Each structure stands twice: as C-alpha cells, then as structure tokens.
Amino acid sequence: MKITLDADKCCAAGQCVLVAPEVFDQRDEDGVVVLLDAEPAADQHAAVREAAAICPAAVIEVHE
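The rules behind each value
Residues numbered from 1 in each chain as written. Predicted model: local features only at pLDDT ≥ 70, side-chain atom pairs only at ≥ 80, totals over all residues. Heavy atoms only, no water. Salt bridge = Lys/Arg side-chain N within 4 Å of Asp/Glu carboxyl O. Buried < 20%, exposed > 50% of the residue type's maximum accessible area, 1.4 Å probe, protein only. Helix = DSSP H or I, 4+ residues; strand = E, 2+ residues; numbered from the N terminus.

The full count for this structure, using the stated rule, is four salt bridges. When the shortest N-O distance is used, the salt bridge between R27 and E29 registers 3.6 Å. Under the relative-accessibility criterion, R27 is labelled partly exposed at 35%. Owing to a relative accessible area of 65%, E29 belongs among the exposed residues under this scheme. Among the charged side chains, a salt-bridge network with shared partners connects R27, E29 and D30.

Written as structure tokens, this is what we have:
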C-alpha cells in the first residue's frame, strides 16, 4: 500500500488522525493533514482505507 494526499484541498477535519493516528497527523498552525507514513505496515491498511473513505475533502488516495 502507498498513500498520497493533496494537502492543499484538506479542510482540517481531523478524521484521518482519529482513525489512523500512526499514519496521519495535523499541522499545529492550521490543522492540515501531515502524512507520517506513506507506506504503512499491513496492520494499518484497514484504518488507512477507512480514513480515506471518511475524509470529507477526499484528499487521501490509497494505491494498493
């Protein structure tokens, strides 16, 4: 799995961080998503898929 994102479209809802905190974080100054791990371990894949699905701005892309 490889993750890409378009931080410019991020609306800073933070749903990705709540679902997959080992993979996503938010910048302190504006809450925009920060990718901590572009190729997460297999045990994180389900959480990453959920984060991508619930992202209100659809900025997370998962490449299997």
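Structure shown, so let's carry the discussion forward.
Attention shifts here to unusual backbone geometry. Of note, the phi angle at A12 is positive, near 65°, even though the residue is not glycine. Looking at the secondary structure, you find A12 in the loop between β1 (2–5) and α1 (15–19). Look at A12 and you get partly exposed, because its relative accessible area is 28%. Phi angles above zero are rare outside glycine, and A58 is one such case at about 55°. Summarising the element assignment, A58 is placed in the loop between α2 (45–54) and β4 (60–63).

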